[in-house]
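# An overview of the molecular structure
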Amino acid sequence: MSSPHSISSQQLTFILTGAQVGSAMLALPALLCTEAGQHAWMAVLLGALFPLASLFFIERLGRRFPGLNFVQVNQTLLGKIGGAAAVLLFVVYVVFFEMEIISSFGRLVQIFMLPSTPIWATLFLAMACVVYAGSKGGKVVGRINETLFFGILISLFFILIPVYYVNDYTNLLPLGEIDPLELGRAVLVSLYAYAGSEVLLVYYSYVKAPDKVISAGLTATALTVSIYLIVTLACLLVFGPDKVVDTIWPGVTILKVAGLSVIERLEFPFLAIWVGIVLRRGINLPFAAALSLAQLFGNENRHGLAMLGVGIVIYFAALFPQSMMVNFMLVNYGCAAYFVIGILYPLFLLGVAWIRKGVVKNA
Amino acid sequence: MPRRVIVLVLLLSYITLSLCGCWDAKDVDKLVFPIAAGYDVHQGDPGNMNQLSIGPLEEPQVDVSVLLPNLSPEATAKVTVEVMPAATVAYARDKRSYTNASLYVTGFNKVILLGEDLARQGTFAPMESLYRFPSVSHTMVLAVVDGRADEVLKTPTPNFENMGVYLNNLLRENKANSFIPTVNLHQFNVWQSPGNNPVLPLIKPGGINGIILSGIAIFNKDHMVGKLNQRQARALTLLRGIKSQGYLPLAPQEEGEEQGTGFFDNDRKVEVERQGDSYSFKIKVILQGIIQELPHQSGQPIDTSEVKKIEESLAQSIQQDCTDLVQLMQDEFKVDCIDISKYAVANWRREIKDQVDRPDFISNANIQVQVEVKITNAGEQK
């Protein structure tokens, strides 16, 4: 495969992890504990069923159309106009989702790092990086994800330092008081953290070894679950289920409860690394949207221009939420949107493919 | 290619000129670094700072005092202690802007002192802004002042750079050589969860450096409800299982012999049992340490039987202190200040979460204390 976007299965692992792990990692423990208390970590495990379902459906779909890209699959199954409409719907979803991600990123940077810098300046710089990285093509996106993945490991190390100094195992107990309704609600909340796995819809056709997509997806899900599990357990051990819900980003606040003699304020180096982690999530989805648009207009090589267009729209959309409270409201819509695009949509396409077996065979 | 270079130059120029370069740059000469702060119930207005206090929202409720080192070489005093009467703690920042144009680096503060009156009124409101303000570190250490916090900050301390430095050192390092715990902002907050109650070191004027650790302040959630002296404070630290180290007196082996001293660190184990609505707690305090001083006349080496006697005698004495404190807690304070209810919560969280902090829960609990002392060596002497 000579496409400038072709990626290895290992890069796919990191792209899928990068598309999921971002700001959600910092807020997730509070969101889950609000619903499930000390059982929040169980919601992390059960929530993984969503990206697994998404992975399974997309892989089954992709396997039926070897060599066809996302746009071609849609147009084969839904017709030229129906397929184009579906692709545009995907692009709109990405713009909406990225609006929330980039906007939250800007707000967090403003709150913890650059309080006097206007949000438009922070977002402009973030989007400049996103557009530049995406304009270089899938291979570069894959390599960026590979490299920046190790930032997550470093940031996890920072999060574990306070756990060493301040922890109380009774915060995790008792294990047996599970209320299925509360746990179910927490699992639904976790949807937001797993959103991003749907980028496989676009990336599937660029994986050099499609037979390794499942194993790459499983590894990515295992990595994502492990990261969320570590952060959630760490916050539970340090704050307890009753106090963790008082903070918006316990993943950052936890860093304020302990310090080392050489690094008194752990949150500052952590946030510097975290900027890279979030931008990974910022790059992967818009690149998928830009590539889909370029494919739709028949010239995959113009993905750079499409990336610029998508980036500009996301930039202005990200300026729209006027406060962090609006972002929290958007998260709820984001959960629903991911469920539709990440799970129902590939399932729907699979269903159409099953009904229109003849078309699939010809394709 | 030249177009690319132009775009790159423009982008790099933007990056260089924007972000912290333009908006968040702070000139270090225009910053002030508070080291310690104190909150008291409002009283008087010696600094004539109260001119804004018109109307219900402006009525001063709290005096916020801040200790600032004077960094200017021309300054005659080493520190400034500003006392700002204000309706709320965060609103005191407004008052400061009328006397000091420099930017306060709030995140630099290391110590928060609470005047006893304010601590008894409740700390939730005055301390809320500390948890809300992103730059504030939750490692700031806390203490209650037996009196007013602003008086402590104004106390001269000849052997240290200033009172803030001394208090930071005293309150942060005390657990390494006394049985009075170090409590930071984070700990104070999580100790207000169901089944927990905070304790804070208590300080008062005295000693060579102007201020001494005089015991521990007991809280019912955010309200101070009692005070313990140094000996009771030691028992409380051991019962709570707060890891610390300190000196303990060793009883004489034989009548007429001199008393000795040991250096111990502590641990604890708690078991909880339930029969209907009655709860039984078994607390095992474990002390492990070394003999640092034991003047005995016999000239014979200290053998295992003698060590055992010393261990038993110390265990008995500490057990008595602990039992007395448990009695005081159950009869007078009626709050779990020894941090055992959390073990009941850990077993029956959903069922007892709403009742665990009621006074009768801890008052009616059956609490047994057992102390185990282990001496591991006796130093260089036989």
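In this report, the structure presented in the accompanying data block is examined.

The rules we used
Residues numbered from 1 in each chain as written. Chains lettered and ligands numbered in written order. Predicted model: local features only at pLDDT ≥ 70, side-chain atom pairs only at ≥ 80, totals over all residues. Helix = DSSP H or I, 4+ residues; strand = E, 2+ residues; numbered from the N terminus. Contact = placed C-beta atoms within 7 Å. Rg over C-alpha atoms; globule rule 2.2 N^0.38 Å. Buried ≥ 20, exposed ≤ 12 C-beta atoms within 10 Å, placed from the backbone. Nonpolar A, V, L, I, M, F, W, Y, C, P; charged D, E, K, R; others polar. Pairing = 2+ DSSP bridges. Axes fitted to C-alpha atoms, helices over the stretch in contact; angles between N-to-C directions. Parallel < 35°, antiparallel > 145°, perpendicular 65-115°, else oblique. Expected span 1.5 Å × (residues − 1). Left-handed = near helix turned anticlockwise from the far one by under 90°.

What follows deals with the overall build of chain B. When you go through chain B residue by residue, the secondary structure sums to 11 helices and 14 strands. Its C-alpha atoms put chain B at 85 × 65 × 55 Å along the principal axes. When contacts within chain B are restricted to residue pairs at least 6 apart in sequence, those whose partners lie at least 24 apart make up 70%.

Looking now at the overall build of chain A. In terms of regular secondary structure, chain A is built from 15 helices and zero strands. For chain A, whose C-alpha radius of gyration is 20 Å, the value lies close to the compact-globule estimate of 21 Å for 363 residues. Viewed in the frame of its principal axes, chain A has a C-alpha envelope of about 65 × 45 × 35 Å. For chain A, the proportion of its 363 residues judged to be buried stands at 53%. The contacts of chain A with a sequence gap of at least 6 include a subset with a gap of at least 24, amounting to 84%.

Turning our eyes to something else, we now look at the interface of chain A and chain B. Where interface size is given, it is often the accessible area lost as the parts come together that is meant. Taken together, the contact between chain A and chain B spans 24 residues of the former and 22 residues of the latter. Counting residues per element, the ones that place at least two in the side of chain A that touches chain B are helix 5 (70–112) and helix 6 (119–135) of chain A. Per element, the largest residue contribution to the side of chain A that touches chain B is three residues, and it comes from helix 6 of chain A. The class makeup of the residues in the side of chain A that touches chain B is 14 nonpolar, five polar and five charged.

Residues and elements named next belong to chain B. With respect to burial, strand 9 (residues 211–220) is a largely interior element, seven of its 10 residues being buried. In this sheet, strand 9 lies alongside strand 8 (residues 199–205) in antiparallel orientation, the contact comprising seven bridges. Each bridged residue has a counterpart across the sheet, and for Pro201 the counterpart in strand 9 is Ile216. Here strand 8 folds back onto strand 9 in antiparallel fashion, the turn holding five residues, of which Gly206 has a positive phi close to 150 degrees. Pairing between strand 9 and strand 10 (residues 223–228): five bridges, direction antiparallel.

Here we come to the environment of Leu148 of chain A. Residues and elements named next belong to chain A. Among the structural elements, Leu148 can be located in helix 7 (residues 138–165). Along the sequence, Leu148 and Gly276 sit 128 residues apart, while their C-alpha atoms lie 6.6 Å from each other. What Leu148 contacts, discounting residues up to four positions off in sequence, is Gly18, Gly276, Ile277 and Arg280.

Turning our attention to the packing of helix 8 (residues 230–240) of chain B against helix 9 (residues 304–333) of chain B. All names here are of chain B. The N-to-C vectors of helix 8 and helix 9 enclose an angle of 90 degrees; their axes lie 9 Å apart at closest approach. Considering the angle they form, helix 8 stands roughly perpendicular to helix 9. From helix 8, Arg231, Gln232, Ala235, Leu236, Leu238 and Leu239 reach across to helix 9, where they touch Ile318, Asp321, Cys322 and Leu325. In terms of residue class, the contact of helix 8 with helix 9 is made up of seven nonpolar, one polar and two charged.

The next point concerns the sheet that holds strand 3 (residues 62–69) of chain B. Residue and element names in this part refer to chain B. Spatially, 4-3-2-6-7-8-9-10 is the arrangement adopted by the eight strands of the open sheet, whose pairing is mixed. Strands at the two margins of the open sheet, each flanked by one partner only, are strand 4 (79–86) and strand 10. Averaged over neighbouring strand pairs, the angle between their axes works out to 30 degrees when direction is ignored.

The next point concerns helix 9 of chain B. All names here are of chain B. With 30 residues, helix 9 should cover 44 Å at 1.5 Å per step; its first-to-last C-alpha distance of 41 Å lies within 8% of that length. For helix 9, every residue scored as buried is listed here: Ile310, Leu314, Ile318, Cys322, Leu325, Val326, Met329 and Phe333. Just downstream of helix 9, Lys334 is the residue with a positive phi angle, here 55 degrees.

In helix packing, the relevant descriptors are the interaxial angle and the interaxial distance, both defined with respect to the helix axes. All names here are of chain A. Direction vectors running N to C along helix 3 (residues 40–47) and helix 8 (residues 180–194) enclose 60 degrees, while the axes themselves pass 8 Å from each other. Classified by the angle their axes make, helix 3 and helix 8 are oblique. In the packing of helix 3 onto helix 8, the handedness of the crossing is right-handed. Contacts between helix 3 and helix 8 involve Ala40, Met42, Ala43, Val44, Leu46 and Gly47 from the former and Leu183, Ala186, Val187, Ser190, Leu191, Ala193 and Tyr194 from the latter. Its residues placed into classes, the contact of helix 3 with helix 8 shows 11 nonpolar, two polar and no charged.

The peptide bond linking Leu173 of chain A to Pro174 of chain A adopts the cis configuration, its omega dihedral lying at -5 degrees. Topologically, Pro174 of chain A is positioned in the loop between helix 7 and helix 8. One non-glycine residue, Lys221 of chain B, adopts positive backbone phi at about 55 degrees. Along the polypeptide, Lys221 of chain B turns up in the loop between strand 9 and strand 10. In this structure, Lys334 of chain B is a non-glycine residue whose phi angle is positive, near 55 degrees. Using a count of 17 C-beta atoms within 10 Å as the deciding quantity, one classes Lys334 of chain B as partly exposed.

Let us look at the sheet that holds strand 14 (residues 366–377) of chain B. Residue and element names in this part refer to chain B. Strand order across the open sheet formed by four strands is 11-12-13-14, with mixed pairing between neighbours. Of all strands in the sheet, those with a lone pairing partner are strand 11 (245–250) and strand 14, marking the two edges. Strand-to-strand, the axes of this sheet are offset by a mean angle of 35 degrees, without reference to chain direction. Pairing geometry for strand 12 (residues 260–275) and strand 13 (residues 278–293), over 15 bridges, is antiparallel. When the bridges of strand 13 are listed, Gly262 appears paired with Ile291. Each of strand 11, strand 13 and strand 14 is contacted by helix 9, which is oriented at about 150 degrees to strand 14, the strand it contacts most.

The next thing to look at is the pairing of strand 6 (residues 111–115) of chain B. All names here are of chain B. Among the five residues that make up strand 6, five are buried, leaving the element largely enclosed by the rest of the structure. As paired elements, strand 2 (residues 36–41) and strand 6 share four bridges and run parallel to each other. Among the inter-strand pairings, Tyr39 is bridged to a residue of strand 6, identified as Leu114. Judged from the five bridges that link them, strand 6 and strand 7 (residues 141–145) form a sheet pairing that is parallel.

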